[in-house]
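# Fold and contact review
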Amino acid sequence: MEYVLKIVNLAVSRRERTQLIPVLNDINFFVEKGELFCLVGESGSGKTTLALSIMRLLPKSFVVTSGEILLNGQNILNVNEQSIRSIRGKDISIIFQDPGAYLDPLFTVGVHLQEALHGTTEDKNQLITKTLKDVGLEPEIQLVYPHQISGGQQQRVMIAMALINNPSIIIADEPTTALDVLTTRQIINLLSKIREKYHPAIFFITHDLELAMSIGIRIGIMYKGHIVEIFRPDREKPLHPYSGILLGNIDKKYFNEKIPVSSQTDINDWCPFFEKCPEREQKCQKKIPFIWRDSLTGIRCIKHGRNHQM
Amino acid sequence: MKNFFQRLKNHSKLAFFSFWFLVIFYIVSFLADILAPYHFDYQFRDKPYHPPTKIHFFDTQGNFHIRPFVYNTVVDDPVFRSYREDTSKIYPIKFFVDGPERKILFFFKTKKYLFGVDKPAGIFLFGTDTYGRDIFSRLLYGGRISLSISIAGVIISFTLGMITGGIAGYFGGIIDQILMRLVEILMVFPSFYLMLSLRAMFPLNLSSIQVYLLIVLILSLIGWAGLARIIRGMVLSIKEEDYVLAAKSLGLSHWRILIFHILPNTFSYTITALTISVPGYIIGEAALSLLGLGIQEPYPSWGNILSSTIGNLRVLGDAPWLLLAGFFIFVVLINFNLLGDALRNVLDPKNW
Amino acid sequence: MKKLILKRLLHLIPMLIGMSFVSFIIIQSSPGDYFAQMKMNPEISPETIQQMRTSFGLDKPVIVQYFYWLKNLVRFDFGVSFAYHIPVRTLIKFRLKNTLCLAIFSLFLSWLIAIPLAVLAGYKENSFTDRFLSMLAYISISLPSFFVALLFVYFISKTAVLPLGGTRSIFDINAGTFVIFADYMKHLLVPGIVLCFVNTGWIFRLMRNNFVETFNNPYILAAWARGLPARSVIFKHTLRNAMNPMFTILGMEIGTILNGAALTEIICGWPGMGSLILEAVLSHDLYLVMGSLVISSFLLIIGNLIGDILIAFFDPRIRIT
């Protein structure tokens, strides 16, 4: 088994005045070579923070408090600024949510693509034309400014930029959220076509579990900065109560009222879903580790984790 | 309100300090009648361009005096206007001294001033001008004129700007077109040139109260246009809000909606704009008075205290303390700027 | 682009008409009958009076006079100065040259200083450098131009390192062009530095805030994500985008710097438009006041136009719609 991306015990905090507020906790997962890994979570669950930590592009107010991010075996948290720049865009690239905002309005599409291209022996123009063809755009689009093309075309340009150096992994941070239904379909198809042709691993971030179930090989569910479950949609059903709620299987209104939420200081260490969990029990009031079922899937829940192990 | 001060304090200690500094500064200048040792018009004929008086604690024998004192001065060299201290007699600084009656803000009478010394000695904290008038006293009295002109000007032009901008934005159509063209045309003139041209519309020799009102009028006429345009823009977007539509469907009159439901929503912007624009009015008044087109002698303003230094290198060289008026303007301006900047952040709904 | 400029130029026409009308109203409402006053003045020849009467229609109704005046305005004929007895145009031409030299010199200088410092401060947001420079900018903004001018004049009068007042001190006819130019620049230095001192703070603050705002934009994040070097992200992407609104400011400044320049000119004794209009107001020389007002607003309009054209030139979102 070959990992493209492996994250070990990652924790990230946000600095607010003198306090450190945890944003990501105990993140452990990996993306295999050529895999399509989906990360699903509500807004504010820390998905984008995770994506930016992997790119090492966190805003200044964020600090990585522990852990390792291994990209092709190399811990990118340890490399210097110079080397991370040669890694960004070349070995790992990213596609963002709202493509219009992520393209510099003063420069043509061509300039963007030229910039994205890291040192290569091939003919630059030929490579750009080829990549544009791969994402379904004409070479003439190079002469055009970002505001002159549609959102779908802008996202294709972003994908072309991400693809141009043939990276081993592409992070797609909600690439379809700002687009309409039809364009979303087209972009998803484009991504799977690209995966068939060039076999990059794709780390796909979305808030739409249904979309993730339809495309992902494995799915990670994120809640309040924790990964609560990792499963394969075509092999097994998700077991975590939160996954159930996301899928609409469990009535959200039902709560186990017998166990009230006490406002104790150590509540931060409890199961992150405790407050809203329909199946919570007294024994959930403690730190819950992520339990791997097998080498690929796992869950952060005492009840279902145990069940599985037995 | 308390919440507001707390937010201001949390946002910037410096701005909070600026706020109280300005409050105190205004109070001080309005109490000039008590605080100034001399009336703005009182002349020491034998002491023109007197440098700031030295305040002593030790006499010539080296004895320490718990109460600070000054010496009387006599002219040493009339050509170079240098003064020599006459150390034969000490004049202790007295607090709450009696003197000729003055009226505080036209109403209350006072005979007591904060401090002073016995004649013939004088206490000139900031020196004297060409007529031997105490600059410190004139700065306090001048502050009253300069600061009140700026406040009056700001209030008038903001009222004008709110009304015009509100009407143009709310009613739209032809009224909007006409008002906004008018605003655009007014904004085409560089303000200094417009100010002087407007001043040229009136005779140069006016009574002091007329000049005072004229300056307020000119400054507010120049200032309202920019605000009206911004208020119009805000009203345009606010009038599409749901609660305005609801008010309309309730059958409230246009004026009621405009005055009670729309304009109050522009207040957080206008208070910031008001604070930021006060410096412009202070500079405007100072500029006019500085050029001899504003407040006339013997009345002091921060501008006309400076005016004797213009084009007269000798005066400037002999009495650089006259420049303190400029320093006063600077201090008030920097506090307004600091406060205005902080208010912009504190009152911005985005930052709540 | 051409269409845009043409549209802006057409937009100017009502502005110019409105501006000239307001100027005319201001002067007309001034007290006193100047035509009568002019006739009483023995220094003005009857021929001049006759000429002004016919070209400005001075015995016609006020509204007709406006059109006479407007007709002359188009030909840049502002009438004759009562105080100087020469055409207002001649006076303004000489003074305008000086004012423009002063304005452009100080604009150039202050932008040259402010922009690099603003980029430095913006890049190191909230650092000591940033705080220190921002504090200096606050001081610069809060210093009235006349106060700085007076302080400078005081300093120069004590040290005499630079000439003060006028535009030249070499009156030798045989002096070479370069010598005369150098002399002119030397005289320009005092008012120029004063004006620059006051202006730099504004430009610094605007640019610094633009830079910080641009630097936090998503497309800058995307530029980093592409693996671009810091040099390219800062100077190519952030600086270009942060400079964009500054072009509008530059256009506006051409007009607004006239305000600061006027007082500086008067205090430093630089013979420009500011001191001209002051003299005109003090001597009630109305045609001169009117001419100065019209020309100064004309400069402001031209400045705004230049700003509009510049931003259209540099911003494809406006240029290509």
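Residues numbered from 1 in each chain as written. Chains lettered and ligands numbered in written order. Predicted model: local features only at pLDDT ≥ 70, side-chain atom pairs only at ≥ 80, totals over all residues. Heavy atoms only, no water.

## Brief notes about the pattern of salt bridges
- Within the structure shown, the criterion is met by 26 salt bridges over all chains.
- Where Asp26 of chain A meets Arg300 of chain A, a salt bridge forms, and the shortest distance between an N and an O atom there is 3.2 Å. Taken together, the residues span a long stretch of sequence, with Asp26 of chain A in strand β2 (residues 19-32) and Arg300 of chain A in the loop between β12 (298-299) and α9 (302-309) at a distance of 274 residues.
- Here the salt bridges share partners, and the residues they tie into one network are Asp129, Arg133, Arg138 and Glu297 of chain B. (Salt bridge = Lys/Arg side-chain N within 4 Å of Asp/Glu carboxyl O. Helix = DSSP H or I, 4+ residues; strand = E, 2+ residues; numbered from the N terminus.)

## Observations regarding the interface of chain C and chain A
- The interface of chain C with chain A comprises 24 residues on the first partner and 25 residues on the second.
- Here chain C packs against chain A, burying approximately 2200 Å² in sum over the two surfaces, 64% of which is carbon and sulfur.
- Contact with chain A buries surface across chain C, with Leu221, Ala225 and Arg226 of chain C losing the most and accounting together for 28% of the total.
- Taken together, the connections running from chain C to chain A amount to 2 salt bridges.
- Lys236 of chain C is the salt-bridge partner of Glu115 of chain A, the closest N and O atoms lying 2.7 Å from each other. (Contact = heavy atoms within 4.5 Å. Buried area = accessible area lost by both parts, 1.4 Å probe.)

## Points about the pairing of strand β3 (residues 36-41) of chain A
Residue and element names in this part refer to chain A.
- The element β3 is largely enclosed, with a buried count of 6 among its 6 residues.
- As paired elements, β3 and strand β8 (residues 201-206) share 5 bridges and run parallel to each other. Residue Leu39 lies in a different strand from β8, and its bridge partner there is Ile205.
- In this sheet, strand β9 (residues 218-223) lies alongside β3 in parallel orientation, the contact comprising 5 bridges. Across the sheet, the residue bridging to Cys38 is Ile219, located in β9. (Buried < 20%, exposed > 50% of the residue type's maximum accessible area, 1.4 Å probe, protein only. Pairing = 2+ DSSP bridges.)

## Section: the domain arrangement of chain A
Residue and element names in this part refer to chain A.
- With domains assigned, chain A is organised as domain 1 (3-223) and domain 2 (237-291).
- Placing a centre on the C-alpha atoms of domain 1 and another on those of domain 2 gives a separation of 31 Å.
- Contacts between domain 1 and domain 2 engage 7 residues on the former and 7 residues on the latter.
- With both chains or domains summed, domain 1 and domain 2 bury close to 780 Å², and 73% of this area falls on carbon and sulfur atoms.
- When the area that domain 1 buries against domain 2 is broken down by residue, the three leading residues are Leu209, Ile221 and Tyr223, summing to 61%.
- Joining domain 1 to domain 2, the criterion identifies 0 salt bridges.
- For the pair domain 1 and domain 2, the number of links is 1 residue pair in polar contact (both at pLDDT 80 or more).
- For the side of domain 1 that touches domain 2, the secondary-structure elements that each account for two or more residues are α7 (209-215) and β9.
- Broken down by element, the side of domain 1 that touches domain 2 gets its largest block of residues, 3 residues, from β9.
- Looking at the side of domain 1 that touches domain 2 residue by residue, the class counts come to 6 nonpolar, no polar and 1 charged. (Domains from an automatic or database assignment. Polar contact = N/O pair within 3.5 Å; in protein donor to acceptor, adjacent residues only side chain to side chain. Nonpolar A, V, L, I, M, F, W, Y, C, P; charged D, E, K, R; others polar.)

## Things to note about the arrangement of the chains
- Among the 2 pairs of chains in contact, the pair with the most contacts is chains B and C.
- With respect to C-alpha atoms, chain A approaches chain B no nearer than 12 Å, and the pair has no contact.

## A short note on the domain arrangement of chain B
All names here are of chain B.
- Each assigned domain of chain B is listed here: domain 1 (45-132) and domain 2 (138-351).
- On the side of domain 2, 12 residues touch domain 1, which itself brings 12 residues to the contact.
- Roughly 990 Å² of surface becomes buried between domain 1 and domain 2 when both sides are summed, with 61% attributable to carbon and sulfur atoms.
- On the surface where domain 1 and domain 2 come into contact, there are 1 salt bridge.
- Summed over the shared surface of domain 1 and domain 2, the result is 1 residue pair in polar contact (both at pLDDT 80 or more).
- Looking at the side of domain 1 that touches domain 2 residue by residue, the class counts come to 6 nonpolar, 3 polar and 3 charged.

## Regarding the sheet that holds strand β3 (residues 82-92) of chain B
Residue and element names in this part refer to chain B.
- What the 3 strands build is an open sheet, ordered β1-β2-β3; its pairing is antiparallel. Each of the sheet's edge strands pairs with one partner strand only, and the pair in question is β1 (56-58) and β3. On average, each strand axis in the sheet is inclined to that of its neighbour by 50°, with strand direction left out of account.
- Sheet topology places strand β2 (residues 64-77) next to β3; 8 bridges connect them, and they run antiparallel. Bridge pairing in β3 places Asn72 opposite Asp86. (Axes fitted to C-alpha atoms, helices over the stretch in contact; angles between N-to-C directions.)

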